[in-house]
Amino acid sequence: MSLVNGLRPGSVRGVMAAISLALIPGTLLHALQFGAIVWLQTGWCLLLALVIEALCLRLRGRPITAGLGDLSWLVCGLLLARALPLLVPVWMMALAVLTALGLAKHAGGGLGRNRLNPAMAGLAVVAICFYQFLYPAPDPLAPWTAALTLEELLLLEWQLAPRLEADALSGATPLKTGLLDSAAPYLSWCGYLAGGLLLALIGVIRIEIPLAMMASSVSLCMLSGHTLTESLHSLSLGGYMLTAFFIATDPVTSPDNRSARILFGITVGVVTELIREFGLYADGLCFAVLTANLLVPNLNRVGARLHRPWYQAA
Amino acid sequence: MLNQSLTNPSGFLQFFFDSLSALVVRRWRGGVKLRDHKQLSSGKAIRRCPTPAIPLAIPLEQGRSRALPCVKPGERVLKGQVIGIGDGRNLWVHASTSGIVQSIGPAAVADRNTPAESVFIAADGKDEWIERQSLAAPRTVTELARYAMRMGLAGLGGAGFPTGLKLAGAERTDFLLINGAECEPFLTCDDALMRERADTIIQAADFLAALLGAGRTLIGVEGNKPEAIAALKSAIARAGSDVRVKRIPERYPAGGQPMLVRALCGRRLRPGQLPGNVGVQVLNVASLHALGRAVFAGEPLISRIVTLTGSCSHPGNVEVPIGLPVTQLAGIAGAVSQDIHVGGPMMGRALDAPEAVVSKTTSCLIYGAATWLPRPEPAGDCIRCNRCVDVCPMALQPMSLYTAAREKQMKTLKMMNLDACIECGACSLSCPARLPLRDSFRESKRELRQ
Ligand code: SF4
Ligand code: SF4
């Protein structure tokens, strides 16, 4: 029986399971908007993550069942599935998962020793190498993927059917005019927000990271001349909430004390906003997280200087 | 002392500050909220152990203290008779009941790693007291310290450090702090003592405070023991004493010395400092009670209260003569389980020798440990979740210390202040990767000392 009071999961497996569960509402809303492709992509990513994790463990001579038992591959697979644009071909997912688990995590020293967020490293490689393939991705304003059949989706994912061009599409697929599209252009952020707050409540993630990140993004956005509503609205776009609550909060790649974590959140928020405002990419979240990841040792040092043990006289 | 401190301005400031500190509970950072499981054993009054008529083994060793046996096999001893001679650093040892000395040799002790040299006594069941000497009450701290050594007074709260040695080291004392926090889960022995014997505790506190010249006496009790707090308060009112009871928040390790000193009187005990260095003296309630019995009734320390809890039909607190085999307690507790944990779940250990005996520091027996305590699990990889950092009451970085300890980087360990670790185990308990943090720190500390 656990001696610690509270709802906080007491094992690494519990932590990972809680994060995976908290991802469900957001994924559900996402699927509601974009259709079966979301589940399909999640399925592929999980399968790939499982296989590649097992392979890496095998190569490193680690016990496989124990290594898989911590469920860190599950979280990584889910995050990648959600972070990658929809309708990317399967080989690209494989590349991303391989980069994430093989390079960023296992080659970086295994669970707990990597400096870069695995999912973001995987996404970054794909985003840099195959920019043309990815964009424009299915957009919440035109969630045409919802209208495709499973067969069409599979063919597209395996690149057996020619890639659909956005222009060709808007004519080919009638834009759905349902309640979803008109009421809320992009839905899943509510799900991620809810899941993230729940995680913060049971003590799995540190709320200061998303808070600092959002605060800095909004302030910068307003500084660059947008109104408050617009700035707040920008938080719901793309994978912002997902990144804020599930990716930037990854304990392994975030700092070790509260002040440093706040600085970390601010860095992510600022870089994201800069890329969104001036950059080539529509969404700079993954580069922002990677930048901040690299700064962690420095942030730790700065933060540690601000902390004084309670027994040391002021 | 009051007049003295009021004569100069800085003394006056100090006096003012101390008065303020005596009123508020100061905060410290870290610690963890635990499921305390105290209701299991806290309901009933302290029971007496039936007079034993079986062989007892009374340890001559207690912590680092070691007494020389002064009885021979075949000799009859009475309850309270000296059987081991100590000195300025070693506690004297007394027979806990009457009987015939059988032999002298090593015996397994419940809360000790290694067997301790002990006097085996075949108790005769008569429980005959030796004539109690009505010594004049000690009049100075030095006298009291010597008296405490002669009466075998070991600290009953934790490691069993001789009370006499603690007092002998006392310098200027502004605050006498009594530790009634009992922050370990499952334990209710101090709770029971405070509820039922508050008068002796308060009387002893007043006596000791007067002797030490302590201006203020504060008792810290965790908020989960309202009856104990009420009992102490009414005892204070009856005695017209100016001891104050302070309710401190329930958070492990609230009873740890630096935490208790901070919470009760606001002073900061830095690692490496002794309470005496900051004008404070800390004593556990049970140790204080034993001191009271020794001074007022001339009774040496020959019994203690042990909490019997966990999977048993009659949990509760029992006053047990020192040296009684723990097997005898199973009957009293109504326990069948052989899976026994000795002491609290945080600081205690599994009972490995079933024939072991109760010592002065055996505070608790948890029957059916596997069902009540966290299951030991294989260690995983640190995920840098920082929980260990959050809970460490000494503001250390257990995860970094662990890496350094594993790689035996002694310099780094020193730099990261490993010596400050109080081995409370809060970090190990909170670690989701189940890393044996505390155990590795314990070992590294030993290596550092060499
Ligand atoms: S055992 Fe040491 S390092 Fe761990 S929480 Fe306690 S004081 Fe801190
Ligand atoms: S609690 Fe355990 S897993 Fe978490 S940072 Fe500390 S050592 Fe690592």
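Cut-offs used in this document
- Residues numbered from 1 in each chain as written.
- Chains lettered and ligands numbered in written order.
- Predicted model: local features only at pLDDT ≥ 70, side-chain atom pairs only at ≥ 80, totals over all residues.
- Heavy atoms only, no water.
- Pairing = 2+ DSSP bridges.
- Helix = DSSP H or I, 4+ residues; strand = E, 2+ residues; numbered from the N terminus.
- Axes fitted to C-alpha atoms, helices over the stretch in contact; angles between N-to-C directions.
- Contact = heavy atoms within 4.5 Å.
- Buried area = accessible area lost by both parts, 1.4 Å probe.
- Salt bridge = Lys/Arg side-chain N within 4 Å of Asp/Glu carboxyl O.
- Polar contact = N/O pair within 3.5 Å; in protein donor to acceptor, adjacent residues only side chain to side chain.
- 1 Å grid on protein atoms, 1.4 Å probe; cavity = no way out; pocket = protein on both sides within 12 Å on 5 of 7 lines; lining within 4 Å.
- Points joined across faces, edges and corners; volume = space filled by probe spheres on them.
- Near = heavy atom within 4 Å.
- Nonpolar A, V, L, I, M, F, W, Y, C, P; charged D, E, K, R; others polar.
- pLDDT = per-residue confidence, 0-100.
- Phe/Tyr/Trp six-rings, centres within 6.5 Å; stacked < 30°, edge-to-face > 60°.
- Buried < 20%, exposed > 50% of the residue type's maximum accessible area, 1.4 Å probe, protein only.
- Lys NZ or Arg CZ within 6 Å of the ring centre and 35° of its normal.

### Considering the sheet that holds strand 13 (residues 244–248) of chain B
Residues and elements named next belong to chain B. The four strands are arranged 13-12-11-14 in an open sheet whose pairing can be described as parallel. Because the sheet does not close on itself, it has two edges, and the strands there are strand 13 and strand 14 (280–284). Neighbour to neighbour, the strand axes of the sheet diverge by 25 degrees on average, direction disregarded. Direction of pairing for strand 11 (residues 175–180) relative to strand 14: parallel, over a ladder of five bridges. Looking at the pairing, Leu177 lines up with Val282 of strand 14. Packed on one face of the sheet, helix 7 (residues 198–212) meets strand 11, strand 12 (216–222) and strand 14 and runs near 150 degrees to strand 11.

### Digging into the interface of chain B and chain A
If you look at the interface, chain B gives 41 residues, while chain A gives 28 residues. If you sort the residues of chain B by the area they bury against chain A, Arg35, Ile383 and Arg387 of chain B come out on top, with a joint share of 23%. For the pair chain B and chain A, the interface holds three salt bridges. In this structure, Asp256 of chain A engages Arg384 of chain B in a salt bridge whose closest nitrogen and oxygen atoms are separated by 2.7 Å. One can count 15 residue pairs in polar contact (both at pLDDT 80 or more) joining chain B with chain A. For the side of chain B that touches chain A, the element with the most residues is helix 9 (residues 257–265) of chain B, which contributes three residues.

### Side note on empty space enclosed by the protein
Residues and elements named next belong to chain A. Across all of its chains, the model carries seven cavities of 30 Å³ or more by this definition. Computed from the structure, the largest cavity encloses a volume of approximately 300 Å³. For the lining of the largest cavity, the secondary-structure elements that each account for two or more residues are helix 1 (12–34), helix 4 (72–83), helix 5 (90–106), helix 6 (118–129) and helix 14 (240–247). If one sorts the elements of the lining of the largest cavity by residue count, helix 4 sits on top with four residues.

### Quick word on the site of ligand 2
The environment of ligand 2 is formed by Cys382, Ile383, Arg384, Cys385, Asn386, Cys388, Met399, Cys431, Pro432, Ala433 and Leu435 of chain B. The residue makeup of the shell around ligand 2, split by class, is nine nonpolar, one polar and one charged.

### Considerations on the confidence of the model for chain A
Of all residues in chain A, 86% attain a pLDDT of 70 or more, and the chain-wide mean is 84. When the criterion is pLDDT under 50, residues 166–184 of chain A qualifies, and its contacts beyond four places in sequence or with other chains add up to 15 contacts.

### What about the environment of Glu250 of chain B?
Residue and element names in this part refer to chain B. Looking at where Glu250 falls in the secondary structure, it is placed in the loop between strand 13 and helix 9. Each C-alpha atom of the pair Glu250 and Lys33 lies 6.9 Å from the other, and the pair is 217 residues apart in sequence. For Glu250, the residues in contact, after removing those within four places along its chain, are Lys33, Glu222, Gly223 and Asn224.

### A few points about the confidence of the model for chain B
When pLDDT is averaged along chain B, the result is 91; 97% of the residues meet or exceed 70. Reported for the predicted complex are a pTM of 0.88 and an ipTM of 0.86.

### Re the site of ligand 1
Around ligand 1 sit 13 residues, and of these Cys392, Cys421, Cys424, Gly425 and Cys427 of chain B come closest. Among the residues making up the shell around ligand 1, the classes are represented as ten nonpolar, one polar and two charged.

### Considering the packing of aromatic side chains
Inspection of the entire model under this criterion finds five aromatic pairs over all chains. Ring plane angle 75 degrees and centroid distance 6.2 Å describe the contact between Tyr192 of chain A and Phe246 of chain A, whose orientation is recorded as edge-to-face. Note that Tyr192 of chain A is positioned in helix 11 (residues 188–201) and Phe246 of chain A in helix 14, a separation of 54 residues in sequence. Under the relative-accessibility criterion, Tyr192 of chain A is labelled buried at 2%. Owing to a relative accessible area of 5%, Phe246 of chain A belongs among the buried residues under this scheme. An angle of 80 degrees between the planes, with centres 5.4 Å apart, marks the rings of Trp310 of chain A and Tyr311 of chain A as edge-to-face. Using a relative accessible area of 2% as the deciding quantity, one classes Tyr311 of chain A as buried. The cationic tip of Arg150 of chain B hangs over the ring face of Trp92 of chain B; the distance from NZ or CZ to the ring centre is 4.1 Å.

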